[in-house]
Structure formats: structure tokens, C-alpha cells
Amino acid sequence: LFRCAPLTRLFLSAWRLPDTAAVPRSAAFPNLRELGLSLVAMEDRDLAFLLDRSPVLEILTIVAAQVGVRLRLVSHSVRCVQLCYSILVDILVVDAPRLERLLQWTWGLGSNSDKCCRVKIGHAPNLRAIGYLQPGEHGLEIGNTAIKAGTKLSTSTLVPSVQNLALELTFQVRNDLKKVHNFLQCFPNVETLHIRVSKDHFSLPLSMYAVWLS
């Protein structure tokens with residue numbers, strides 16, 4: 001696989017990623033711009049290896065990962081990250097100056113509250129869209145500050161580049177809602193706000209949503 005240096009797009013499905021510790025250090029994907037992993041079992045170090053050996057990668061998609069995903073993003077080329085139908089443990093955007101979209105959704109997987117996912121945004125000056133953030137299940141960190149109910153925000157806890165924000169909310173869980181106000185304040189220049197509510201809560205009057213958002 002690592003001898004296919006000319007590859008520009010690579011999609012792997014229903015596969016166990018081999019232990020990259022045995023892969024020669026010279027192995028790389030110098031031309032790879034899009035990587036898709038579906039139903040793939042992999043260790044954290046192996047995912048990190050793939051990213052490190054793909055210097056021009058622009059799009060990363062992970063669907064239905066077979067183990068919890070721990071993504072540490074350090075890339076000067078990645079523009080879009082999509083994480084779908086996977087148990088997420090850590091999403092750490094350490095240094096990604098070209099990242100524009102950070103999209104993740106886990107609909108249908110059930111509650112994951114006992115394994116709260118940490119979403120940390122470090123250096124991502126071009127981040128335009130992020131979601132779906134779940135205040136009840138995601139621990140949001142901006143820089144080195146954890147965003148919680150009552151957190152005092154400052155310029156270091158703002159992500160002014162974000163214009164599109166998506167949240168998944170449970171309106172009947174008060175502790176979840178306490179963090180929403182702080183989440184919204186972290187993205188002061190949002191132009192489009194998407195809110196998803198699970199079907200179990202659609203019976204609530206729409207007027208309650210409007211009053212709460214105001």
C-alpha cells in the first residue's frame with residue numbers, strides 16, 4: 001500500500017489497518033489529497049502515521065470507525081475533516097492553518113455521556129464551519145480554556161472565523177443547556193446557526209425554542 005506514491009485519492013473499507021511500526025520510515029503518500037476510512041479498525045498511532053505521511057492531504061473522512069477515534073490534527077494542508085457515525089474520544093485541532101470545516105455527527109449511536117468527547121480548537125484561523133457540537137456530550141476547549149457554564153470568556157476563547165455553527169441539543173436536560181450560552185459566545189461571528197433536536201423532543205412547543213434562543 002505504501003508503495004503507491006502516485007495516489008491522489010484513497011478509500012479503505014472493512015479493513016484492519018496494519019501496524020505502521022513495521023512500515024519503513026521513508027514510506028509516504030506525497031500526492032494524496034483525499035483519504036476516506038470506513039469500517040476500519042486502527043490504533044491512534046496508525047492514524048497519526050497516515051496523516052504525518054500525507055503532506056498535501058486536504059480532505060479526511062472517517063465513517064463508522066471500529067474503535068474510539070482520537071484525532072490529533074497537525075497539518076498545513078487539511079481543509080475539511082468529516083467524522084461520521086463513530087465513537088469520538090478526542091478531537092484536537094492543534095495546528096491546522098488551512099482547516100475550513102470540522103464536521104462530525106453520531107446520530108443513531110445512542111448516548112455517549114459516559115465517554116464525553118473532548119473537542120479542542122487550537123490554531124485554526126480559517127475555520128468557517130463546525131458541528132454538530134453536543135453541549136451534553138462534548139467538552140469544548142478553546143486554546144487552553146475549557147468552556148463550561150459560567151466560564152469567563154476573553155479574546156483567547158473566541159473563534160471569530162466561524163460563520164456556520166451546528167448544535168445538537170436536548171432541551172429537557174437542564175445541565176446540558178447551561179453550557180449552550182457559553183458555546184454560542186465562543187463563536188461571535190456566526191451567520192448561520194443549525195440546531196438539531198432528537199425526535200423524542202419534537203413535541204415541545206416551537207415558542208419555547210424561540211424564547212430560549214432570544
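Going by the structure above, here's the rest.
My aim in this report is to walk through the structure given alongside it, one point at a time. (Residues numbered from 1 in each chain as written. Predicted model: local features only at pLDDT ≥ 70, side-chain atom pairs only at ≥ 80, totals over all residues. Heavy atoms only, no water.)

## Observations concerning the pairing of strand S3 (residues 59-63)
Burial of S3 is extensive: four of the five residues sit out of reach of the surface. Alignment of strand S2 (residues 34-41) against S3, held across five bridges, turns out to be parallel. Bridge pairing in S3 places glycine 36 opposite threonine 61. For the crossover from S2 across helix H1 (residues 44-52) to S3, the handedness is right-handed. The pairing of S3 with strand S5 (residues 80-84) spans five bridges and is parallel. Across the sheet, residue isoleucine 59 finds its bridge partner in S5, namely cysteine 80. (Buried < 20%, exposed > 50% of the residue type's maximum accessible area, 1.4 Å probe, protein only. Helix = DSSP H or I, 4+ residues; strand = E, 2+ residues; numbered from the N terminus. Pairing = 2+ DSSP bridges. Right-handed = clockwise from strand over helix to strand, strands pointing away.)

## A word on the sheet that holds S5
In space, the eight strands of this open sheet follow the order S1-S2-S3-S5-S7-S9-S12-S13, with parallel pairing throughout. Either end of the sheet is taken by a strand with one partner, and the two such strands are strand S1 (9-16) and strand S13 (192-197). Ignoring strand direction, the axes of neighbouring strands in this sheet form an average angle of 10°. As paired strands, S1 and S2 are joined by seven bridges and run parallel to one another. Across the sheet, residue phenylalanine 11 finds its bridge partner in S2, namely glycine 36. (Axes fitted to C-alpha atoms, helices over the stretch in contact; angles between N-to-C directions.)

## Here we look at the pattern of salt bridges
The tally for this structure, following the rule as stated, stands at nine salt bridges. In this structure, aspartate 44 and arginine 70 form a salt bridge, with 3.8 Å as the shortest nitrogen-oxygen distance. Taken together, the positions of aspartate 44 in helix H1 and arginine 70 in strand S4 (residues 69-74) put the pair 26 residues apart, joining distant regions of the chain. Judged by relative accessible area, which is 33%, aspartate 44 ranks as partly exposed. Arginine 70 sits in the partly exposed class, given a relative accessible area of 42%. One network of salt bridges, in which partners are shared, links Arg33, Glu58 and Arg79. (Salt bridge = Lys/Arg side-chain N within 4 Å of Asp/Glu carboxyl O.)

## Things to note about the packing of aromatic side chains
Using the criterion set out here, one finds two aromatic pairs in the structure. Ring geometry for phenylalanine 2 against phenylalanine 49: centres 5.5 Å apart, planes inclined by 85°, an arrangement best described as edge-to-face. Taken together, the residues span a long stretch of sequence, with phenylalanine 2 in the segment before S1 and phenylalanine 49 in helix H1 at a distance of 47 residues. With respect to burial, phenylalanine 2 and phenylalanine 49 carry one shared label: buried. One aromatic cluster in this structure is built from Phe2, Phe29 and Phe49. (Phe/Tyr/Trp six-rings, centres within 6.5 Å; stacked < 30°, edge-to-face > 60°.)

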